[in-house]
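Structural description and commentary
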Amino acid sequence: SIHTTPELLAKRRNEEIFGLKAIKREKYVKKVGAQPPVEAPYVPPKPKKPTKIRHDRTVDIFEGMTIAELAKRTGERSSFIQEILTNVGEKVESEFDPLSIDLAELVAMEVGLSIRRLHSTEGATVKPRPPVVTVMGHVDHGKTSLLDALRESSVAAREAGGITQHLGAFVVSMPSGSSITFLDTPGHAAFSAMRARGAAVTDLVVLVVAADDGVMPQTLEAMAHAKAAKVPIVVAINKCDKPDANPERVRMQLASEGLELEEIGGDVQVVEVSATHKIGLDKLEEALLLQAEIMDLKARTDGPSQAYVVEARLDRGRGPLATAIVKAGTLTCGVHLVVGAQWGKIRAIRDMTGQMIEKAGPATPVEIEGLRGLPMAGDDIVVVDSEQRARMLSAGRKKKLEEDRIAKINEDLIGAQDASEEMAERVELPIVVKADVQGTVQAVTDALRSLNSQQVFVNIIHVGVGPISQSDVDLAETCSGCIVGFNVRAPAGSVTQAASRANIKICLHRVIYHLLEDIGSIIVEKAPGTPEIQVAGEAQVLNIFEIKGKSKSVDEYVKIAGCKVMDGRFTKSSTMRLLRSGEVVFEGSCVSLKREKQDVEAVGKGNECGLVIQDCSDFRVGDVIQCLEQVQRKPKFISSQSGAVRIEC
């Protein structure tokens, strides 16, 4: 600053006043002995969890709602809704134009929302309808036998192992002239999803409890399904003809589980019956009709039909068939409909006896023929005006399902990546599932997924309805998986030969217990197991010897423990543990193992030996030496009395 001119000094002062600091120039210093940069391995960054794209919100839609009302419910602008409608070929003039319920659903799906259809009964003909009754209860408590007695046919004998595999729906006509629609749900633990679906379309639940067994796990589960669906319960205490029957104990158990029985001032009716001797069936019918009368069940008989798919299967001659229960309106032949993500035109309607009918009213179980694809059990059936509208709605629903599926896969993948960092080695068991009907496919898939464990991941790579084909074998061969066939006929000889050549196991079963046991044994066999240290042998120190070490430069002595093997077997390659008064003193590898001055690899029970443990010289007479070995402990397949199964690692 001595040689600075007055102008530069004034400029620097002004900069400091306004907070501007002059840049200080540092002197460059050359670093001596600088190290080159270290080459570190590249670690990829962890993928961030994506924000949820899926909209979990559900909007209510109805026939005749305006564009403005739909925009308000979806949270979008009216102009955006009009743009979507123009893109699907609809003429839009004003935001107050009424929309059909199908168009409203298309718009909601395009926005990415789930919908719930609301149907009005204004101006429609409303008439009383029969009640839809679901029979629930624990496995082997006599549900099918009770229905068998009610409709006087023999279904129980035809079911594999006496266990109902999938939903049956039929109408029972009463002597009084009224009728009741019954749904028979399976009782096994694997079919809880099917029971829940039965409860969703029903008006009443008959809870069957065996008088000798009492309340069991699935009885409680059925009660929970009925309460969740807000459906009234009528209790039928079955097997009252047995010598060890105790209906009073059943009443006490049900009351303790929170069921308000009539005897204690509640509204749940209890009827004692015997399905085999046909005792008390008239009282059960009276109780059901009384409950239905209290509920005042009515449905409109005209207007668009509403129905639900109870079951779906693939028939070789007739194609996809759906068993459905009509909830409202009248279902007629020749109409176009959308069932879940599938569409079709009704070619034929059959009642439960297999007779063709022209139309079906409310609470009627029917079999629909003419669908283009196989719907999922539990899907709703929507009647539409034209084939074009059916195709459009089906395509929109498929797109929405695919988007939801991909979003779910992405979430699961990120969750699996997070879990895999903490989890040990895990192997994959790919499975192809084939069954006779769609509902059974879903139930079997859910049951197999419940066998997932920390060591084996059950990956359902493909599900389908119908017999096992060559394409299933090819798919299983690609993934080195196995094929499960439930309630399907044995595959053709060529398919079986191809599977045996490719070393693909085909598991064919008709009873869910046996299927889960079979897959459980495959999982146990495939599991890598967890490493576990176990005691292979135990010996007692009887004497201690000292010998001069081999190294001449160091004056050291090696201590040898003279032992007798009391239990198990000693091997030289194992780790040895020295115990004194029950406490661990030392643990190390075995350097030398001799028997009668000869080097040996192993010493059996009852024999004497001398051993040297590396870096251990603190032996005392009376010490215990354990021989440790590492084993792979396989997981166990555990089955409970209630029918629930699990893999315990």
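Now for a description of the structure that goes with this document. Here the residue numbers are simple positions, counted from 1 along each chain's written sequence. The predicted origin of the model limits local features to residues at a pLDDT of at least 70 and limits the giving and counting of side-chain atom pairs to 80 or more, whereas totals for whole chains, interfaces and linings rest on all residues. Remark: hydrogens and water are excluded; side-chain values derive from all non-hydrogen atoms of the structure.

A few words now on the packing of helix α11 (residues 438-449) against helix α14 (residues 512-526). Axis lines are fitted to C-alpha atoms, over the contacting stretch for helices. Their N-to-C directions set the angle, which ranges from 0 to 180 degrees. Here a strand is any run of E in DSSP of at least two residues, a helix any run of H or I of at least four, and the numbering for each starts at the N terminus. As a packed pair, α11 and α14 sit with axes 11 Å apart at the nearest point and diverge in direction by 40 degrees. The orientation of α11 with respect to α14, classified from their angle, is oblique. In this structure, α11 meets α14 at a crossing whose hand is right-handed. In this structure, α11 contributes V444, A447 and L448 to the contact, and α14 contributes I512, L515, L516 and I519. Throughout, the ten residues Ala, Val, Leu, Ile, Met, Phe, Trp, Tyr, Cys and Pro are labelled nonpolar, Asp, Glu, Lys and Arg are labelled charged, and all others, Gly among them, are labelled polar. Along the lines of polarity and charge, the residues of the contact of α11 with α14 split into 7 nonpolar, no polar and no charged. Any angle between 65 and 115 degrees counts as roughly perpendicular, while under 35 counts as roughly parallel, over 145 as roughly antiparallel, and the rest as oblique. Two helices cross in a left-handed way if the nearer one is turned anticlockwise from the farther one by less than a right angle. They cross in a right-handed way if the turn is clockwise. Contacts are assigned to residue pairs with any non-hydrogen atoms lying within 4.5 Å of each other.

Another point: unusual backbone geometry. Positive phi values are uncommon outside glycine, yet K239 reaches one of about 60 degrees. Considering the arrangement of structural elements, one finds K239 in the loop between β8 (233-238) and α8 (247-256).

This part takes up the pairing of strand β21 (residues 456-465). Two strands qualify as a pair provided that DSSP identifies no fewer than 2 bridges between them. Strand direction decides the pairing type here: strand β20 (residues 427-435) and β21, joined by 9 bridges, are parallel. Within the sheet, the bridge partner assigned to V433 lies in β21 and is V463. Classification remark: right-handed applies to a crossover when, strands pointing away from the viewer, the course from the first strand over the helix to the second runs clockwise. Chirality of the crossover, the property in question, places the unit of β20, α11 and β21 among those that are right-handed.

Counting residues in each nonpolar core, the largest one holds 26 residues, and the members touching the most others are I61, L70, I81, L85 and V107. For this core, the secondary-structure elements that each account for two or more residues are β1 (58-62), α2 (67-74), α3 (78-87), α4 (101-111), β19 (380-384) and α10 (387-422). With 8 residues, α4 is the single largest residue contributor to this core. Nine residue types can take part in a nonpolar core, namely buried Ala, Val, Leu, Ile, Met, Phe, Trp, Tyr and Cys, and a core is a set of them joined through side-chain atoms within 4.5 Å. Burial classification: accessible surface area is computed with a 1.4 Å probe over protein chains only, and a residue below 20% of its type maximum counts as buried, one above 50% as exposed, and the rest as partly exposed. Membership of the second largest hydrophobic core comes to 25 residues, among which are V444, V456, V458 and L516.

Attention now goes to the side chain of E369. Inspection of the secondary structure assignment puts E369 in strand β18 (residues 365-371). A distance of 3.4 Å separates the side chain of E369 from the side chain of R318, its partner in a polar contact. A distance of 2.7 Å separates the side chain of E369 from the side chain of R350, its partner in a polar contact. Each residue touching E369, except ones within four places of it in the same chain, is listed here: R318, P320, L321, K345, I346, R347, A348 and R350. Two N or O atoms count as a polar contact when they lie within 3.5 Å, although within protein this holds only if one can serve as hydrogen donor and the other as acceptor, and sequence-adjacent residues are included solely when both atoms are side-chain atoms.

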